[in-house]
Amino acid sequence: MTHAPTRKPRLAVFKFASCDGCQLSLLDCEDELLTVAGLVEIAMFPEASSRMQPGPWDIALVEGSITTPHDAERIRQVRRDCTTVVTIGACATAGGIQSLRNWGQHEEFLRCVYARPEYISSLSTSTAIAEHIPVDYELRGCPVNRQQLLEVILALVAGRKPRLPAHSVCLDCKRKGTVCIEVSRGVPCLGPITQAGCGAICPSFDRGCYGCFGPALQANCGSLTNHFLDTGSAPKTLLPLLRNYNAAAPAFREQSDRLEQLAQAVSGKVDSAVE
Amino acid sequence: MTESAAVPGIVAPAMNSGDSSDFIGNRRPESFLLRDDLQLLMRRLQEDGYTIVGPKVDQDAIVYGELTGVSDLPQGWTDQQQPGKYRLVPRDDQRMFGYVPGPHSWKQFLFPPSAIVATAQRVGSSWQMSTQDEPAPRYAFLGVRSCELSAIAIQDKVFLGGAFVDPHYEQRRDAVLLIAVNCTQAAPVCFCTSMKTGPRCQSGFDLALTEIDTGFLVEIGSERGRLLVEALPLRPAVSEEIRAGERGRADAERQVTKQMNTEGLHDLLLEQLKSPHWETVAERCLSCTNCTMVCPTCFCSSVTEVSDLSGDRVQRERQWDSCFNVDFSRVNGIPSRDSISSRYRQWLTHKLATWQDQFGTSGCVGCGRCITWCPPGIDLTEEVRTLRQLAESPQLTAAIGETASSSLPPNTAPQNTTEGRG
């Protein structure tokens, strides 16, 4: 390449509150892994090697959400140490499944789980990395799509902008010839409001999209929620559809809060009817 | 384009396969093919080297795909359609073509959703470019409806009619054999009679069939069609069969109840660019792209260059894209249509108005797919009706304007001349 760097970019992988599945997607790139290792210097990747080299690093892949005061500090140091920060996965980009704690009683959880909760220092919320530091690129998904992971690494090495589509899953379903299961069978599917990148897997296996890639750009979540309610879905059954891996993504959160209020109103009516 | 071009619908006969001029306007008497002999027609197509594509039941719908024989056809199946809803349901007879077009359209074969248009290979310090030279598939389309013939004619204008001819489309289009089937039923979303595209097939086919209980009335539309049926056991249709066919076609026409008033539609829509109604539609529109994907005439695509890991080999890939995709309108990194209302307005005004300026016809054939396959069931005929009412009543517009805050950009010309874009 004409603009080939004089040295290979140094890559580091950082883990916050997460299951490790996203960073393991890099190791899952079995056919491409040796080529990637030739393009970048994998300077720190504890899941792959105990040989860890100090920063600064050129590319950071950041997995996981911020759930402790210690991590809230640590991520700021990552930002200072790295030129380009790429967050990977639903935890890092939206807070992950653990963001369900945002709706719960944090102190109560600690008392239930730990014999000595006073030794535990954690936050009452699980938040996305971008709420703490500026992020250069986000890779959505639970887990991320490894082709997108490769794309972002290759793009950064080549010095170009990665191709990361922000359109809805519907577009990819249609390109594949998948029939819309929402229209043909009435299955509540989050495809119209969910960002593409997964390859539109679930609808091609007769299952509604559950939004693991989070909201698409300018997603009209309110209209889709209205549509599901109008066509007979109960707020109680819709709630977990929006409140899962990307529960804390603002566009999903707004609608799940609305559904929760509706569900409470419904159960309130039932209770008063029983009395 | 002049004012006179703002004629709604597709006025001229649909573009034909190239050799049917002898037959247009001079309807030949129909012959008859027995139901059991349809397989002879399909076998003949296969012997002639065609890949037959047509209707089949898959994924709880009647879709278009490759057919190996008569048994693949959706015999005994039909569909129920309404805005935002489609259901596959059994019929109480054994008709093979007793359905209304579903989620697929023929554009997926002539203008595939994904295609590699060129490749570049690094050779030393330079690049060697090459285009794809694979022979195009030779398709026989079985079961093309009248509105779909019109849609193909519209895409012919898009891909073949201008200064730049799309070689991929051209190769596929030249090779294709079109066996049309007249509708004998319609769905509540159909409005082909408003767009003057159906329900009866007028031209642009090699053969047109009308299904009755005992078989098919066969109308020859081209020399290729005539050669095709030469070896088939056709006989002249008897009057009872002809009457049954006429009854079926009349049933379809009567069942088309949805209407769209196309009078002056071009100017009407372009005068409503500032209407507060676009915001009202945007409250429901998901901007999910489904309407454009199922539309048999929408032709937008995006082209990206994709390299392999080494960076030594690059493929230029073309994929279906949509004016409802925010990224599709990016110019110098900024989306020029940055709200759902502006994207819906772009789609509707292009489809029904500026398409006429660009290609001389409407971009809509009245098939109703965009109505059925829109999850919240937005019905463009209803939106046009509302816009017409608002145009006629400024007081009503003012009343809506007070409740809707406009996020529309100030431009008044939602046209886009970039190649490959609507």
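Residues numbered from 1 in each chain as written. Chains lettered and ligands numbered in written order. Predicted model: local features only at pLDDT ≥ 70, side-chain atom pairs only at ≥ 80, totals over all residues.

1. A word on the overall build of chain A
Stated formally: To qualify as a helix, a DSSP run of H or I must reach at least 4 residues; to qualify as a strand, a run of E must reach at least 2; elements of each kind are numbered from the N terminus. Computation of the radius of gyration draws on C-alpha atoms alone. For the globule rule, the value is 2.2 Å times the number of residues to the power 0.38. Buried residues are those with 20 or more other C-beta atoms within 10 Å of their own C-beta, exposed residues have 12 or fewer, and partly exposed residues lie in between; C-beta atoms are placed from the backbone. We call two residues in contact if the C-beta atoms placed from their backbones are at most 7 Å apart.
When helices and strands are counted, chain A shows 12 helices and 5 strands. Relative to the compact-globule value of 19 Å for 275 residues, chain A shows a C-alpha radius of gyration of 21 Å, a close match. Overall, the C-alpha framework of chain A stretches about 75 × 55 × 25 Å when taken along its three principal axes. When the 275 residues of chain A are sorted by exposure, 44% land in the buried category. Summarising the internal contacts of chain A: among those between residues at least 6 apart in sequence, 73% fall at separations of at least 24.

2. Let's talk about the overall build of chain B
Assigned secondary structure in chain B consists of 14 helices and 16 strands. When the 422 residues of chain B are sorted by exposure, 49% land in the buried category.

3. Structural notes on the nonpolar core
What counts, and what does not: Think of a nonpolar core as buried Ala, Val, Leu, Ile, Met, Phe, Trp, Tyr and Cys residues, each tied to the set through C-beta atoms within 7 Å. As annotated, the domain borders come from an automatic or database domain assignment.
Core analysis: the largest hydrophobic core is formed by 179 residues, its most contacted members being Ala60 and Val62 of chain A together with Phe141, Ile179 and Ala180 of chain B. Looking at which element gives the most residues to this core, the answer is helix α3 (residues 146–160) of chain B, with 8 residues. For this core, the domains that each give at least three residues are domain 1 (10–158) and domain 2 (169–267) of chain A. Residues within four places of valine 62 of chain A in sequence aside, it is in contact with Phe14, Phe16, Val78, Val85, Val86, Thr87, Ile88, Ala92 and Ile129 of chain A.

4. Section: the sheet that holds strand β5 (residues 137–139) of chain A
Residue and element names in this part refer to chain A. The condition is simple: DSSP calls a pair of strands paired once it identifies at least 2 bridges connecting them. Convention adopted: a line fitted to C-alpha atoms gives each axis, helices being fitted over their contacting stretch, and angles between N-to-C directions are expressed from 0 to 180 degrees.
Read from one edge to the other, the open sheet built from 5 strands follows the order β2-β1-β3-β4-β5, with strand pairing classed as parallel. Either end of the sheet is taken by a strand with one partner, and the two such strands are β2 (41–44) and β5. Strand-to-strand, the axes of this sheet are offset by a mean angle of 30°, without reference to chain direction. Together, β1 (10–15), β3 (57–63) and β4 (82–88) form the strand contacts of helix α3 (residues 69–81), whose direction differs from that of β4 by roughly 130°.

5. Some remarks on the interface of chain A and chain B
Under the convention used in this document: Three classes are used, and their members are as follows: Ala, Val, Leu, Ile, Met, Phe, Trp, Tyr, Cys and Pro are nonpolar, Asp, Glu, Lys and Arg are charged, and the others, Gly among them, are polar.
Listed per partner, the contact involves 30 residues of chain A and 36 residues of chain B. For the side of chain A that touches chain B, the elements supplying multiple residues, two or more each, are α6 (146–158), α7 (169–176), α8 (181–185) and α10 (221–230) of chain A. Grouping the amino acids of the side of chain A that touches chain B by side-chain chemistry returns 14 nonpolar, 10 polar and 6 charged.

6. Focus on the domain arrangement of chain A
By a frequent convention, interface size equals the accessible area lost on bringing the separate parts together. All names here are of chain A. Partitioning chain A into domains gives domain 1 (10–158) and domain 2 (169–267). The centre of domain 1, based on its C-alpha atoms, is set 26 Å off from the matching centre of domain 2. Between domain 1 and domain 2, the contact holds 16 residues from the first and 14 residues from the second. Considering every element that reaches the side of domain 1 that touches domain 2, the biggest residue donor is helix α4 (residues 90–94), with 3 residues. For the side of domain 1 that touches domain 2, a count of residues per class yields 5 nonpolar, 10 polar and 1 charged.

7. Observations regarding the packing of helix α9 (residues 277–284) of chain B against helix α11 (residues 340–359) of chain B
All names here are of chain B. To keep things clear, this is the line we draw: Here the word oblique covers every angle except those under 35 degrees (roughly parallel), over 145 (roughly antiparallel) and from 65 to 115 (roughly perpendicular).
The contact between α9 and α11 brings their axes to 8 Å, and the two run at 105°. The orientation of α9 relative to α11 falls into the category roughly perpendicular. Only Ile340, Ser341, Tyr344 and Arg345 of α11 make contact with α9, whose side of the interface consists of Trp278, Glu279, Val281 and Ala282.

8. Brief notes about unusual backbone geometry
Here the residue pair glycine 55 of chain A and proline 56 of chain A is connected by a cis peptide bond, since its omega of 0° sits within 30 degrees of zero. Cis peptide bonds are those with omega within 30 degrees of zero, and the linkage from glycine 198 of chain B to proline 199 of chain B qualifies with 10°. Its location among the elements puts proline 199 of chain B in the loop between α5 (192–195) and β10 (207–212). At threonine 289 of chain B, a residue that is not glycine, the phi angle is positive and equals roughly 85°. Although it is not a glycine, asparagine 332 of chain B adopts a positive phi angle of roughly 50°. Tracing the backbone through its elements, the reader meets asparagine 332 of chain B in the loop between β15 (330–331) and β16 (334–335).

9. Digging into the environment of aspartate 174 of chain B
Inspection of the secondary structure puts aspartate 174 of chain B in helix α4 (residues 167–175). On a C-alpha basis, the gap between aspartate 174 of chain B and tyrosine 139 of chain B in space is 9.8 Å, while along the polypeptide they are 35 residues apart.

10. A short note on the sheet that holds strand β11 (residues 215–220) of chain B
Residue and element names in this part refer to chain B. The strand order across the open sheet built from 8 strands is β3-β2-β8-β9-β10-β11-β1-β12, with neighbouring strands paired in mixed fashion. The sheet is open, and its two borders are formed by β3 (61–66) and β12 (235–236), each paired with just one other strand. Bridge count between strand β1 (residues 31–34) and β12: 2 bridges; the pairing is antiparallel. Residue pairing for β12: phenylalanine 32 is matched across the bridge by arginine 235. The strands that helix α7 (residues 239–255) touches are β1, β10 and β11; relative to β10, the one it contacts most, it runs at about 95°.

11. Here's the deal with the packing of α3 of chain B against α4 of chain B
Helix-helix packing is described using two parameters, namely the angle between the two axes and the distance between the axes. All names here are of chain B. Definition in use: Here is the rule for handedness: rotate from the far helix to the near one, and if that takes an anticlockwise turn smaller than a right angle the crossing is left-handed, while a clockwise turn gives right-handed.
Where α3 contacts α4, the two axes come as close as 9 Å, and the packing angle between them is 140°. Taken as axis vectors, α3 and α4 run oblique relative to one another. The interaxial crossing formed by α3 with α4 has left-handed handedness. From α3, Asp156, Phe159 and Leu160 reach across to α4, where they touch Tyr169, Glu170 and Arg173.

12. So, the environment of lysine 15 of chain A
Residue placement: lysine 15 of chain A occurs in strand β1. Sequence spacing of lysine 15 of chain A and cysteine 142 of chain A is 127 residues, and the spatial spacing of their C-alpha atoms is 15 Å.

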